[in-house]
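Topology and contacts: notes
Take a look at the letters that make up each chain.
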Amino acid sequence: MKTFVLICDLKNEPEAIEAYVRCHEQIDPAILESIRVAGIHKMSIYRWEQRLSMILVTSDDFSFEKKAALDLANPIVQEWEAFLGQYQTNLPGTPPNWRWALTEKIFSFTI
């Protein structure tokens, strides 16, 4: 199992934040299936103000390249991503249309 943490910013507009949260109350089963097929076992999204954090727990053979290729071949995922994109904005210092950025683990504690 691998764990990844990604961050993303929403537009700093109350309507955009509310709409993004509402979109995640009922997700098309095809989107959930695409997540499973990519090798993601667990996905959680947390929000503080307009900043999002996503935690992924994946299979050992998961790769973002494989996930991207699967997403490009799936019109339902493409539609979902385009829809959500209207509420998201670039993180400071990222290229245009860059949404989710992978974070670097700098500390870990385990008992």
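Now for a quick tour of the structure. (Residues numbered from 1 in each chain as written. Predicted model: local features only at pLDDT ≥ 70, side-chain atom pairs only at ≥ 80, totals over all residues. Heavy atoms only, no water.)

Here the focus is a nonpolar patch on the surface. A cluster of nonpolar side chains, contributed by Ile-106, Phe-107, Phe-109 and Ile-111, occupies part of the molecular surface with about 650 Å² of accessible area. Residue placement: Phe-109 occurs in the segment after β5 (101-102). Classification of Phe-109 by relative accessible area gives exposed; the value is 63%. (Patch = residues over 30% accessible without salt bridge, like charges linked within 9 Å, V, L, I, M, F, W, Y side chains within 5 Å. Areas by Shrake-Rupley, 256 points an atom, 1.4 Å probe, with all protein chains shown as cover. Salt bridge = Lys/Arg side-chain N within 4 Å of Asp/Glu carboxyl O. Helix = DSSP H or I, 4+ residues; strand = E, 2+ residues; numbered from the N terminus. Buried < 20%, exposed > 50% of the residue type's maximum accessible area, 1.4 Å probe, protein only.)

Its location among the elements puts Ser-59 in the loop between β3 (51-58) and α3 (64-72). Residues contacting Ser-59, with those up to four places away along its chain left out, are Lys-2, Gly-39 and His-41. (Contact = heavy atoms within 4.5 Å.)

Further remarks concern the packing of helix α2 (residues 29-37) against helix α4 (residues 75-85). Between α2 and α4, the least distance of the axes is 9 Å, while the angle of their chain directions is 105 degrees. When the axes of α2 and α4 are compared, the pair comes out roughly perpendicular. Touching Ala-30, Ile-31 and Ser-34 of α2 are Ile-76, Val-77 and Trp-80, all from α4. When its residues are assigned to classes, the contact of α2 with α4 shows 5 nonpolar, 1 polar and no charged. (Axes fitted to C-alpha atoms, helices over the stretch in contact; angles between N-to-C directions. Parallel < 35°, antiparallel > 145°, perpendicular 65-115°, else oblique. Nonpolar A, V, L, I, M, F, W, Y, C, P; charged D, E, K, R; others polar.)

If you look at the biggest cluster of nonpolar residues, it comprises 22 residues, and the most contacted ones within it are Leu-6, Leu-10, Tyr-20, Leu-52, Leu-56, Tyr-87 and Trp-100. Listed by contribution, the elements that provide at least two residues to this core are β1 (2-10), α1 (14-23), α2, β3 and α4. Take this core: its biggest share by element is 5 residues, from α1. Sequence-distant contacts of Leu-52, that is, excluding residues within four places in its chain, are made with Leu-6, Ile-7, Cys-8, Leu-10, Tyr-20, Ile-45, Tyr-46, Arg-47 and Trp-100. (Core = buried A, V, L, I, M, F, W, Y, C linked by side-chain atoms within 4.5 Å.)

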